[in-house]
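Here's the letter readout for the chains.
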Amino acid sequence: MSTSEQTDEAEKSIDEERTFGEYGGQYVPEALMPAVLELEDAYERYVLENEDGFVDEFRERLREFGGRPTPLQRADRLSERYDRDIYLKREDLVHGGAHKLNNALGQVLLAKYMGKERIIAETGAGQHGTATAMAAAHLEMPCEIYMGRTDVNRQRPNVYRMRMNGAEVNPVEAGRGTLKEAINETMRDWATTVETTHYVIGSIVGPHPFPKMVRDFQAVISEEAREQIRSQAGRLPDAVVACAGGGSNTMGAFHAFVPDDSVDLVAVEAGGSSLEIDVEAGVAPNSATLSTGTDGVLHGAMTKLLQSEDGQIMESHSVSAGLDYAGVGPELAHLVETGRVTPVTVDDEDALEAFHRLSRLEGIIPALESSHALGYLERAHEELGDLVVVNVSGRGDKDLETVLEETETRDLEAAPDVEVFDS
Amino acid sequence: MSTSEQTDEAEKSIDEERTFGEYGGQYVPEALMPAVLELEDAYERYVLENEDGFVDEFRERLREFGGRPTPLQRADRLSERYDRDIYLKREDLVHGGAHKLNNALGQVLLAKYMGKERIIAETGAGQHGTATAMAAAHLEMPCEIYMGRTDVNRQRPNVYRMRMNGAEVNPVEAGRGTLKEAINETMRDWATTVETTHYVIGSIVGPHPFPKMVRDFQAVISEEAREQIRSQAGRLPDAVVACAGGGSNTMGAFHAFVPDDSVDLVAVEAGGSSLEIDVEAGVAPNSATLSTGTDGVLHGAMTKLLQSEDGQIMESHSVSAGLDYAGVGPELAHLVETGRVTPVTVDDEDALEAFHRLSRLEGIIPALESSHALGYLERAHEELGDLVVVNVSGRGDKDLETVLEETETRDLEAAPDVEVFDS
Amino acid sequence: MRADGNGDERGSTDSDVEAAIRENHPALITYVCAGDPSLEATKEYVEALDRGGADLIELGLPFSEPIAEGPTIQASINRALAAGTTPEGFFELVDRLETDAPLLVMTYYNMVLQYGPAADVRPFVERAAEVGLSGIIVPDLPAEEADPLRDACDAHGLDLVFIVAPTTEGDRLEAIMSQASGFVYVQARLGTTGARADVSSATHDGLARLAAYDDIPRAVGFGVSEGDHAAEIVEAGADGVIVGSALVDIVAEHGADGDAPAADALEAKARELKDGAVRGDADGDRAPEPEHP
Amino acid sequence: MRADGNGDERGSTDSDVEAAIRENHPALITYVCAGDPSLEATKEYVEALDRGGADLIELGLPFSEPIAEGPTIQASINRALAAGTTPEGFFELVDRLETDAPLLVMTYYNMVLQYGPAADVRPFVERAAEVGLSGIIVPDLPAEEADPLRDACDAHGLDLVFIVAPTTEGDRLEAIMSQASGFVYVQARLGTTGARADVSSATHDGLARLAAYDDIPRAVGFGVSEGDHAAEIVEAGADGVIVGSALVDIVAEHGADGDAPAADALEAKARELKDGAVRGDADGDRAPEPEHP
Ligand SMILES: Cc1ncc(COP(=O)(O)O)c(C=O)c1O
Ligand SMILES: Cc1ncc(COP(=O)(O)O)c(C=O)c1O
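Residues numbered from 1 in each chain as written. Chains lettered and ligands numbered in written order. Predicted model: local features only at pLDDT ≥ 70, side-chain atom pairs only at ≥ 80, totals over all residues. Heavy atoms only, no water.

So the rule is basically this: UniProt positions are given in the numbering used here, feature names are shortened, and annotations may be inferred rather than shown by experiment.
The name an unreviewed UniProt entry gives chain A is Tryptophan synthase beta chain, with Natrarchaeobius chitinivorans as the organism. According to its UniProt record, chain A has this under Sequence similarities (unreviewed entry): "Belongs to the TrpB family." Regarding chain A, the UniProt comment filed under Subunit (unreviewed entry) reads as follows: "Tetramer of two alpha and two beta chains."

Right under this line is the structure:
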């Protein structure tokens, strides 16, 4: 994204491609196409060309409302443990507790510039929904969030937060009542209200220009981190490690480093309980789309998917709700295809260990999503060079109940005993 | 506090007074006196004189680990509502979700400089306990937290967080099992282990040097805010408003402004359900120590207290656990006595309204403690001048359950309907 | 098959689909989802619709993420998937079907892509042609992304039917119309499929916008549920009406076993709709001025 | 009353407290909390202790935040407060008590401050003198903060007893000793009050550190619960032993009504302790070298 200060030619050139190699595109119902094209136009004008000072306002709001820049912190005890320099990009300190606000704030602001009157968004565990509700309240935009019934009932605190920020929460009764159904339903709302409404997609997925636009809003992560590591460690890192669900924190953490060939980019997917697919049940007990998926079209884009041979989308699974998605951003699919990004997986158990490890060693309770990136560090730090940046995409307060339940049924080395209750 | 950069004479002069006017002092058991004096010495050397670069390390850790500086954000919709410029100091964005870390990090680091081997702390709702546990994990210090049994059982998420950060949590069975008992018990531990252990007090209370030292660690709030408001609004504010429990966020937000006579300093106490004392039950249904308390000695200092005629300390009450304390920092008592600080109260109901109002209008869910400061703004903004800074001492995620329960039994204007569950 | 731009009149296309509409004008186009409640039942239902007067039959191949459908058709798709409906089962059903009305498959793009070993539309189109399907409708495939599928359809003589939405205007409308074949699916209102109690005003606007393109039949869908709606729509100038949810409601009512009364009810409903359409045709004319400006 | 520095030998002080210890050497000093379970019961208990051989009696005036007490005395204080014990009730009880042993009040500083209309220690001290108390012990009042109370005590002829802890050393020890009166309370171990099974090694260290200050009696408390402890402590050179929790345990055992058996048990316990102290005195000498270096 160009800022008013950075008038670099390469950056200012408008990127009109709707695809990343063979991935991406705009596979949406005809009724949505005009809105998608209108958004494309707005993206090019406001986000790429800073028309009306959009980018300046966005950056300022990210700073004042969102709490940016976030620190790049050297993790002393992890560095000692792994005998190399580990730096954590602290997206857990963004307002709302995750990188999600970077995107939500950008899109809601853009919707305002576009003259839209209403915001809708899907949410799974509620992170994107709460970020969107916060941004909408901040910018005085009516907001409705679609959330699967199952998720509504199991993520009450996030539902409360959205309601408190003035958003409507619409439970989606269809299917299993989780993220996939919520996205479908948000698309249906959008198909009905497209003239007045902007759909704030929560990751680098969906039809063009969403994947590029969301990436550009999240790119602030790597723009900051790249400057910070150069000033704090004196050089570029050997590797950047980030978890990948849809992939927004991932591309956010990678984007500025993509041209730096010496920097390995590692996308850590949720290995769930197994990488084997349960064909009978149509269930993938993981969300390892980049590592195990096949090409197909979902939610507006050609990308890698967890799907059956027939083309039915599978239920995915991960202990971390935010990674639990059967698709992935088309740009990541492309960068994996070209070899620039290395996809790896970390399973539920190793992510839980990493959650406890960071909490105990560094006094930072990471999101379960981010714990996947940290779990990879534990396993493969020797392959990552001497200077590694890990993106801590969010904080783990939202995950306490899940972690407790999941910890109880396992024998985790790093977990504390929590028997201090009752009597 | 002096920094390595600021070598201003006035700031560097060592403050050897143990009292603030008639308040303060060192009313502790003889066994603790040597530790208190040792701490006094360490405070003077490390904190006031930056010996061994203590202050520099503290500031750097506050930045990288704690996420400082926090923004000073213009609240657009509040400004519109109140027809004046309202700025929010965003302590809710500090790691852990409240200003509490500023102090916890400072004290744990100081304990390390002093060669202590172990950290203890009291906690009520768990905010100071979690901040201390985080700081102790970060600095690799064994840590035990005392917490009343009642609080342990009703603040489970915070207990989990402390355990996950590797702290022991010791439930205190005595009395009603809340903050007062936890402090008493921590003092008892300290009286036993004083040679190796540092007691991290959670507010500007306790014997000298705690009130000054905690204030100095928290003063970063007003040091930042003062610079920020001058650069963002071009001048000093007309008033700074902060809630007051023990008073650490309060003095943190006031300290740098104390010499600025044009700046009104307003300490907002918890009015609870009533300012009338229930003499029979020995209960004050409020925590309005500065407004209604009388002079006495509690937990090591002469200060204002909620106490019976006989001198028994009363149970205090507030919907916000963090304000629920029968004492207050001696420095605040003094500044109220001299007229520099104006004490006011906001009751439970107005604080709840303010909680919902900020959530809905600004997309920031404030701590219930901070909601008291915001409630005062609603009531008395006309008396506060044209440019007002409100300290948002923490985020409200920890308060969701309480707010829901308390909202259900009331008819609050600003509250959302939360009936989206079940089916 | 699409007019190939060599100057042939569209009227002289060799499209079964277009012919079925023109020859049976005003046409009834019906939709049910294959495999709900079973492929056997679907066979009976389709044949019943054919008897009842359907001139063209869209048969849904169920996809797990039907983003363009309302609750009725979503539920039908879910039942079909739960019953184990596969693309190959679908094609075999089509192969066995004996109807006067030509058949189109309606499905989502990923289903088209995945039929072969790699993500490629050709195996699907080839198989569709082989079992005698006349065309394809893909609600999540806008004209901009349609090149590969259109090429494959052209190669196998299948129509690729495009949807024109209330939001489709100007250059895009022109672009779509230039590659439309079989008929144009006029979406009567924004939103998703689903039976409604009235005819949308957007119907009239939509037909008006298409008035200039009278070399291809225009059929209106989304919300049509009664004979009177059909009459009103045809009266407003449509060449046909498309009915889905109202029929799926009947399928749903009759439950899991797919019984004879369900087939009878479908046949009767088709007749009501076809009668309505014919009634509308007697009352209206074929290229009206917009009634709701 | 404190030696006034005019050259009088401490031996010739007019302090009841000091006299009670010196004249009954080795002395037994007992503590119970007034009002647990009732002021009436306390009266009986104190008189029983007096009969059993207590040479000096500390009577607790309960305060809601007893930070220097362990669980036993905390509970006793809570029972006394729940029973409605007030400072005035306390003073009236003292007024009515008939004991050979002088009485001291043991309470926290806030209780002392609040007795009058404003925060001021003088009314409390005045009233204490009036009802015949001989001294005051305030566990949360270190020497550094003691000026106002010491002045008031001096004015009314009361002793202000200071505690010397295991951590008290050097200049501070000197400063405390220079203002001690009545006796020095030697805290036998770090931590809070509470009966223990053995005598702390810090006891010996503490007495050794005080060896030079033999112009004022030294009594050892914190953890003393048996006659044998008393013997050991006196043998190590103490002038007296202070026992609280072990007596409060007896009070607690006998429950809410304060019965005659409780008084008997207290009297017996006092006798055991006094006998122990006397036994220790026969075995030891008064200013030993430390046994545990
Ligand atoms: C903290 C956190 N990290 C990561 C993710 C995964 O999303 P993405 O892959 O788009 O960054 C989520 C999604 O909710 C999240 O909350
Ligand atoms: C968010 C927040 N604000 C304020 C307070 C009150 O403490 P103090 O008055 O010391 O700032 C607390 C205490 O827990 C708190 O958590």
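1. Things to note about the overall build of chain A
Defined as follows: Each helix corresponds to a stretch of at least 4 residues labelled H or I by DSSP, and each strand to a stretch of at least 2 residues labelled E; elements are numbered beginning at the N terminus. Atoms considered for the radius of gyration are the C-alpha atoms alone. The globule rule reads 2.2 Å times the number of residues to the power 0.38. Residue burial is assigned from relative accessible area. The probe radius is 1.4 Å, only protein chains are included, and a residue is buried under 20% of its type maximum, exposed over 50%, and partly exposed in between. Note on contacts: a residue pair is in contact if any heavy atoms of the two residues lie within 4.5 Å. Here, Shrake-Rupley sampling with a 1.4 Å probe gives the accessible areas, and only protein chains in the shown set may cover a residue.
Along chain A, the regular secondary structure elements total 17 helices and 14 strands. What you see for chain A is a C-alpha radius of gyration of 20 Å, in line with the 22 Å of a compact globule of 423 residues. With the C-alpha coordinates aligned to their principal axes, the bounding extent of chain A is approximately 55 × 50 × 45 Å. A total of 423 residues make up chain A; the buried ones form 70% of that total. Across chain A, the fraction of contacts at a sequence separation of at least 24, relative to all contacts at a separation of at least 6, is 73%. When the accessible area of chain A is evaluated, it comes to approximately 13000 Å², of which 42% is carbon and sulfur surface.

2. Notes on the overall build of chain C
The cut-off we apply is this: For the purpose of counting charges, residues Lys and Arg are taken to be positive, whereas Asp and Glu are taken to be negative. His and the chain ends are not included. Here the site of a charge means NZ on Lys, CZ on Arg, CG on Asp, or CD on Glu.
Looking only at helices and strands, one finds 12 helices and eight strands in chain C. For 293 residues, the compact-globule estimate of 2.2 N^0.38 gives 19 Å, and chain C sits close to it at 17 Å. Taken along its principal axes, the extent of the C-alpha atoms in chain C is 45 × 40 × 30 Å. Across chain C, every contact between residues at least 6 apart in sequence was considered, and the portion connecting residues at least 24 apart equals 74%. Element-wise, carbon and sulfur atoms account for 45% of the exposed surface of chain C, whose accessible area totals about 10200 Å². Once the 20 positive and 56 negative side-chain charges of chain C are each reduced to a mean point, those two points are 1 Å apart.

3. Points about the relation of the copies chain B and chain A
Defined as follows: Fitting of the copies onto one another was done by least squares over C-alpha atoms, counting residues only where both copies have pLDDT of at least 70.
Note on the copies: chain B fits chain A at an RMSD of 0.0 Å, the axial shift is 0.0 Å, and the rotation between them is 180°. Classification of the inter-copy transformation places it as that of a two-fold axis. Using C-alpha coordinates, one finds that chain B approaches the rotation axis most closely at leucine 93 of chain B, a distance of 3.1 Å. Residue by residue, 100% of the interface of chain B is reproduced at the interface of chain A, so both copies engage with the same surface.

4. Digging into the interface of chain C and chain A
Counted only if it meets this: Once two parts are put together, the accessible area they lose, assessed with a 1.4 Å probe and summed over both, is termed the buried area. For this analysis, a salt bridge means a side-chain nitrogen from Lys or Arg found within 4 Å of a carboxyl oxygen belonging to Asp or Glu. In the analysis that follows, any N or O atom pair within 3.5 Å is treated as a polar contact, provided that within protein one partner can donate a hydrogen and the other can accept it, and provided that, for residues neighboring in sequence, both atoms belong to side chains.
Counting from both sides, the interface comprises 35 residues of chain C and, opposite them, 34 residues of chain A. Counting each side, the surface lost to burial between chain C and chain A is near 2700 Å², with a carbon and sulfur contribution of 54%. Counting across the interface, chain C meets chain A through two salt bridges. With its nearest N and O atoms 2.6 Å apart, the salt bridge here joins lysine 180 of chain A to glutamate 65 of chain C. Summed over the shared surface of chain C and chain A, the result is 20 residue pairs in polar contact (both at pLDDT 80 or more). The dominant element in the side of chain C that touches chain A, judged by the number of residues it contributes, is helix α5 (residues 109-114) of chain C, at five residues.

5. Focus on a negative patch on the surface
For the record, the criterion: Only residues whose relative accessible area exceeds 30% and that form no salt bridge are eligible for patches; like-charged ones are grouped when within 9 Å, while nonpolar side chains (Val, Leu, Ile, Met, Phe, Trp, Tyr) are grouped when within 5 Å.
A cluster of like negative charges, contributed by Glu168 of chain A together with Glu401, Glu405, Glu408, Asp417 and Glu419 of chain B, occupies part of the molecular surface. The element contributing the most residues to the negative patch is helix α17 (residues 400-408) of chain B, with three residues. Note on placement: glutamate 419 of chain B falls in the segment after α17. The exposure class of glutamate 419 of chain B is exposed, given its relative accessible area of 65%.

6. Quick notes on the arrangement of the chains
The interface with the most contacts, out of three pairs of chains in contact, is the one formed by chains A and B. Nothing in chain B touches chain C; the tightest C-alpha to C-alpha distance between them is still 17 Å. Across the gap from chain C to chain D, with no contact made, the nearest C-alpha atoms are 65 Å apart.

7. A short note on the site of ligand 1
Residue and element names in this part refer to chain A. Condition: Only heavy atoms are used to decide nearness, and a residue is near a molecule or strand if one of them lies within 4 Å of it. Any residue that is not Ala, Val, Leu, Ile, Met, Phe, Trp, Tyr, Cys, Pro, Asp, Glu, Lys or Arg is counted as polar, Gly included; the first ten are nonpolar and the last four charged.
Every one of the 18 residues lining ligand 1 counts as a neighbour, but Ser203, Gly247, Ser248, Asn249 and Ser393 are closest to it. Between ligand 1 and asparagine 249, the relevant distance is 2.7 Å, taken from an oxygen atom to a main-chain nitrogen or oxygen of the residue. When the free accessible area of ligand 1 is taken as 390 Å², the share hidden by the protein chains comes to 96%. Broken down by class, the residue content of the shell around ligand 1 amounts to five nonpolar, 11 polar and two charged.

8. A look at the sheet that holds strand β8 (residues 197-199) of chain A
All names here are of chain A. Put simply, the rule is: Think of it this way: DSSP has to see at least two bridges between two strands before they count as a pair. To get an axis, fit a line to the C-alpha atoms, keeping to the stretch in contact for a helix; angles then go from 0 to 180 degrees between the N-to-C directions.
What the four strands build is an open sheet, ordered β7-β6-β5-β8; its pairing is parallel. Edge strands, defined here as strands with exactly one partner in the open sheet, are β7 (168-172) and β8. Going from strand to strand, the sheet's axes swing by 25° on average, the running direction of each strand aside. Both strand β6 (residues 143-148) and β7 contribute to a ladder of five bridges, which runs parallel. In the strand pairing of β7, glutamate 144 is matched with glutamate 168. Along the sheet, helix α6 (residues 127-138) makes contact with β5 (118-123) and β6, crossing β5 at roughly 160°.

9. Thoughts on the site of ligand 2
Residue and element names in this part refer to chain B. In the vicinity of ligand 2 lie 18 residues, with Ser203, Gly247, Ser248, Asn249 and Ser393 positioned nearest. At a separation of 2.7 Å, an oxygen atom of ligand 2 approaches a polar side-chain atom of serine 248. Contact distances for ligand 2 include 2.7 Å between an oxygen atom and a backbone N or O atom of asparagine 249. For ligand 2, whose unbound accessible area comes to 390 Å², protein coverage reaches 96%. Taken together, the residues of the shell around ligand 2 break down into five nonpolar, 11 polar and two charged.

10. Points about the pattern of salt bridges
Using the criterion set out here, one finds 108 salt bridges over all chains in the structure. Two residues, glutamate 315 of chain A and arginine 176 of chain A, come together in a salt bridge whose shortest N-O distance is 3.5 Å. Residue glutamate 315 of chain A is found in the loop between β12 (301-305) and α14 (330-337), and its partner arginine 176 of chain A is found in the loop between β7 and α9 (179-193); the two are separated by 139 residues along the sequence. Of the residues examined, glutamate 315 of chain A reaches a relative accessible area of 14% and is grouped as buried. By relative accessible area, which is 42% here, arginine 176 of chain A ends up partly exposed. Residues arginine 61 of chain B and glutamate 57 of chain B are paired through a salt bridge, measuring 2.8 Å at the closest nitrogen-oxygen approach. Of this pair, arginine 61 of chain B and glutamate 57 of chain B both sit in helix α3 (residues 54-64), four residues apart, roughly one helical turn.

11. A word on the sheet that holds strand β8 (residues 240-243) of chain D
Residue and element names in this part refer to chain D. Pairing is parallel in the closed barrel, where eight strands are placed in the order β1-β2-β3-β4-β5-β6-β7-β8. Pairwise comparison of adjacent strand axes, ignoring direction, gives a mean angle of 25° for this sheet. Both strand β3 (residues 103-106) and strand β4 (residues 135-137) contribute to a ladder of three bridges, which runs parallel. The partner of valine 105 across the bridge, within β4, is isoleucine 136.

12. A look at the nonpolar core
Quick note on the threshold: By nonpolar core we mean a set of buried residues, namely Ala, Val, Leu, Ile, Met, Phe, Trp, Tyr and Cys, connected to one another through side-chain atoms within 4.5 Å.
Among the nonpolar cores identified, the biggest contains 227 residues, and Leu149 and Phe183 of chain C are the most heavily contacted of them. The element contributing the most residues to this core is helix α2 (residues 33-48) of chain A, with 10 residues. In terms of nonpolar packing, the next biggest core, distinct from the first, is built from 226 residues, Ala380 of chain A, Leu105 and Met314 of chain B together with Val248 of chain D among them.

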